[in-house]
Amino acid sequence: MVKIHTNHGVITLELDSDKTPVTVENFLRYVDNGHYENTLFHRVIDGFMIQGGGYSPGLKEKPTLAPIQNEAALGIGNDTYTIAMARTSDVHSATSQFFINVANNSFLNHTSMTPQGFGYCVFGRVVEGKEVVDAIKKVKTGRSAGHQDVPLEDVVILKMERV
């Protein structure tokens, strides 16, 4: 379990280390080393997801550890209130960024071992603080520093901790 303390409230996650051990270990490494302190939910799209973990205020990108292997093939679906690793078009590029699904996003699920079908690895779910997720998904967004869907007022991850 991990608590995400934000300036909108606390979100509690239950992580699934049985199905996604590499992903959970990676996420906890970032939690334990304080990486997520003072990072942003920098991309918010109501009806889709809220994404964070890679930028500090001012959209300053934070350094990361090496990318990990994508465990999306292990079968956990991108359902509402699940947490998944963000990545680039390279299927094995996830580092620190994650997103919380605010809708059932089955189109992000693993369907094949191809770049188009690999999917996004879900590694846990929100068990408390769904109202915080719901508040964050409703913030006003715009463009900033070349990014779209950026909250106009910072949504800050103050810290994360294991519980």
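Notes on the structure in this doc start here. (Residues numbered from 1 in each chain as written. Predicted model: local features only at pLDDT ≥ 70, side-chain atom pairs only at ≥ 80, totals over all residues. Heavy atoms only, no water.)

### As for the overall build of the chain
- Looking only at helices and strands, the chain features two helices and twelve strands.
- For the chain, the α and β elements follow one another from N to C terminus as β-β-α-β-β-β-β-β-β-β-α-β-β-β.
- For 163 residues, the compact-globule estimate of 2.2 N^0.38 gives 15 Å, and the C-alpha radius of gyration of the chain, at 14 Å, lies within 12% of that figure.
- C-alpha extents for the chain along the principal axes are approximately 40 × 35 × 30 Å.
- The long-range share in the chain, meaning contacts at least 24 apart out of those at least 6 apart in sequence, stands at 69%.
- Only carbon and sulfur atoms are counted for the fraction: they give 49% of the accessible area of the chain, which is about 7,700 Å².
- Charge centroids of the chain, computed over 15 positive and 18 negative side chains, lie 4 Å from each other. (Helix = DSSP H or I, 4+ residues; strand = E, 2+ residues; numbered from the N terminus. Rg over C-alpha atoms; globule rule 2.2 N^0.38 Å. Contact = heavy atoms within 4.5 Å. Areas by Shrake-Rupley, 256 points an atom, 1.4 Å probe, with all protein chains shown as cover. Lys, Arg positive; Asp, Glu negative; His and termini not counted. Charge placed at Lys NZ, Arg CZ, Asp CG, Glu CD.)

### Observations concerning unusual backbone geometry
- The backbone of Ala-145 sits at a positive phi, close to 50°, despite the residue not being glycine.
- Mapped onto the elements of the fold, Ala-145 is located in the loop between β10 (141-144) and β11 (147-151).
- Since its relative accessible area comes to 64%, Ala-145 is described here as exposed.
- For Asp-149, which is not a glycine, the phi torsion comes out positive at approximately 60°.
- Position of Asp-149 relative to the elements: it lies in strand β11.
- Taking the relative accessible area as the measure of exposure, Asp-149 reaches 24% and is therefore partly exposed. (Buried < 20%, exposed > 50% of the residue type's maximum accessible area, 1.4 Å probe, protein only.)

### Observations concerning the pairing of β10
- Across three bridges, β10 lies against β11 in antiparallel orientation. Across the sheet, the residue bridging to Gly-142 is Val-150, located in β11.
- Connecting β10 to the next strand, β11, in antiparallel fashion are two residues, including Ala-145 with a positive phi near 50°. (Pairing = 2+ DSSP bridges.)

### Description of the sheet that holds strand β7 (residues 82-85)
- Here we have eight strands rolled up into a closed barrel, ordered β1-β2-β9-β7-β8-β4-β3-β12, and antiparallel in their pairing. Put simply, the sheet's adjacent strands are angled 35° from each other on average, direction ignored.
- The pairing of strand β1 (residues 2-6) with strand β2 (residues 9-15) spans five bridges and is antiparallel. Across the sheet, Ile-4 pairs through a bridge with Ile-11, a residue of β2.
- In the packing of helix α1 (residues 21-32) onto the sheet, the strands contacted are β1, β2, β7, β8 (98-101), β9 (122-128) and β12 (156-162), and the crossing angle to β12 comes to about 115°.
- Where helix α2 (residues 130-137) meets the sheet, it contacts β1, β2, β3 (39-45), β4 (49-52), β8 and β9, and its direction lies at approximately 115° from that of β2. (Axes fitted to C-alpha atoms, helices over the stretch in contact; angles between N-to-C directions.)

### Topic: the pattern of salt bridges
- Under the definition given, this model contains four salt bridges.
- Among the ionic pairs, Arg-29 bridges to Glu-25, the shortest N-O distance being 3.2 Å. Of this pair, Arg-29 and Glu-25 both sit in helix α1, four residues apart, which is roughly one turn of the helix.
- Here Lys-138 makes a salt bridge to Asp-46, at a shortest N to O gap of 2.8 Å. Note that Lys-138 is positioned in the loop between α2 and β10 and Asp-46 in the loop between β3 and β4, a separation of 92 residues in sequence.
- On the basis of relative accessible area, Lys-138 is assigned to the exposed category, the value being 57%. (Salt bridge = Lys/Arg side-chain N within 4 Å of Asp/Glu carboxyl O.)

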